[in-house]
Amino acid sequence: MAIYYWNGNYAKQWSDNKCWSTISPCGFYTVGIPTSADDVVFINCADNATCNIDIPAVCKTVTYHAAYSGNTVFTNSLTVSGDFLVNGVVCSFSGSGNLIFDTSCTIATNNSTPMPNALVLQGTNQTYTLGTNWSFLGVNIFGTTTTTLNGNTLSIRNGGMVVSSSGDLNGTTTLQFVNTSAIGISTNGNSVINNDITINSTGSVTISTPFNYGANGIFTKTAGTIIAPNGDLKSGFNAFCN
């Protein structure tokens, strides 16, 4: 395992080894690019160069230092097998490539800017900790067994939510839908969602598949329209709708 520092002095492409250094922050470039065993660090150097994720990329962890003010462009997906920590408030994100996690980890940010892309949680029986409130375009859960999502509030905008895992979704994270246009929620029909859900949108939320909601969760609608053309919310739960 190595630490790869982003220096971005050349093409500003993730795939270009000349944009990375394993020697020191802002040091000379190295041979190769991060693998799934390597940590990635964005630090204040190289004029805070933009990082374009131009290939389906992988790494172990990602850390953004507080002074880094560059832009990360998700032209392709990034799969992280550990923590993803944004310590700065001045960096930015763009693009539509998914941010994917496949191993239990902590996801946290000091940056209030909503992420432009979808959050994807996969893997077998993993626990993900949301260290701070965070907003993503959408959420896809593809775990092969139970997925646990703990802590804070995950805001879901106009990308909707898909739960296609063969297990349940558990945890203390509140799933908050703040969409401004029509979106959908779909599951495989067997999974049970046990996290609290809040609908607080100016658009509509369509439950496009039979939806199993756990007895311990709280389902709250404060604004927006819920449409269930293919089945109602199933199972016992606490519901509060204005």
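Here the structure is shown first, and the text comes after it.
Since the model is a prediction, treat every value here as computed from it, not as a measurement. (Residues numbered from 1 in each chain as written. Predicted model: local features only at pLDDT ≥ 70, side-chain atom pairs only at ≥ 80, totals over all residues. Heavy atoms only, no water.)

Enquirer: Explain the pairing of strand β6 (residues 61-64) here, please?
Expert: Two faces make up the sheet, and in a regular strand the side chains alternate between them. Inspection of the sheet shows strand β3 (residues 39-42) paired to β6 by four bridges, in the parallel sense. Pairing of valine 40 across the sheet is with valine 62, part of β6. Pairing analysis gives three bridges linking β6 to strand β9 (residues 84-86), with the strands arranged parallel. Paired with tyrosine 64 across the bridge in β9 is valine 86. (Pairing = 2+ DSSP bridges. Helix = DSSP H or I, 4+ residues; strand = E, 2+ residues; numbered from the N terminus.)

Enquirer: I'm lost on the environment of asparagine 179 in this one. Help?
Expert: Locating asparagine 179 in the fold gives a position in the loop between β19 (174-177) and β20 (183-187). With a relative accessible area of 0%, asparagine 179 lands in the buried category. C-alpha of asparagine 179 to C-alpha of threonine 202: the two residues are 23 residues apart in sequence and 6.4 Å apart in space. In terms of polar contacts, asparagine 179 uses its side chain to reach the backbone carbonyl oxygen of serine 204, at 3.1 Å. (Buried < 20%, exposed > 50% of the residue type's maximum accessible area, 1.4 Å probe, protein only. Polar contact = N/O pair within 3.5 Å; in protein donor to acceptor, adjacent residues only side chain to side chain.)

Enquirer: What is the right way to look at the packing of aromatic side chains in this model?
Expert: Describing an aromatic ring pair means giving the distance of the ring centres and the angle of the ring planes. The full count for this structure, using the stated rule, is 14 aromatic pairs. With a centroid separation of 4.9 Å and an interplanar angle of 75°, the aromatic rings of tryptophan 14 and tryptophan 20 are classed as edge-to-face. Judged by relative accessible area, tryptophan 14 falls into the buried class, the value being 1%. Residue classification places tryptophan 20 among the buried residues on the basis of a relative accessible area of 0%. Arranged with centres 5.2 Å apart and planes meeting at 55°, the rings of tryptophan 134 and phenylalanine 136 form a pair that is tilted. Comparing tryptophan 134 with phenylalanine 136, the two get one shared label, buried. (Phe/Tyr/Trp six-rings, centres within 6.5 Å; stacked < 30°, edge-to-face > 60°.)

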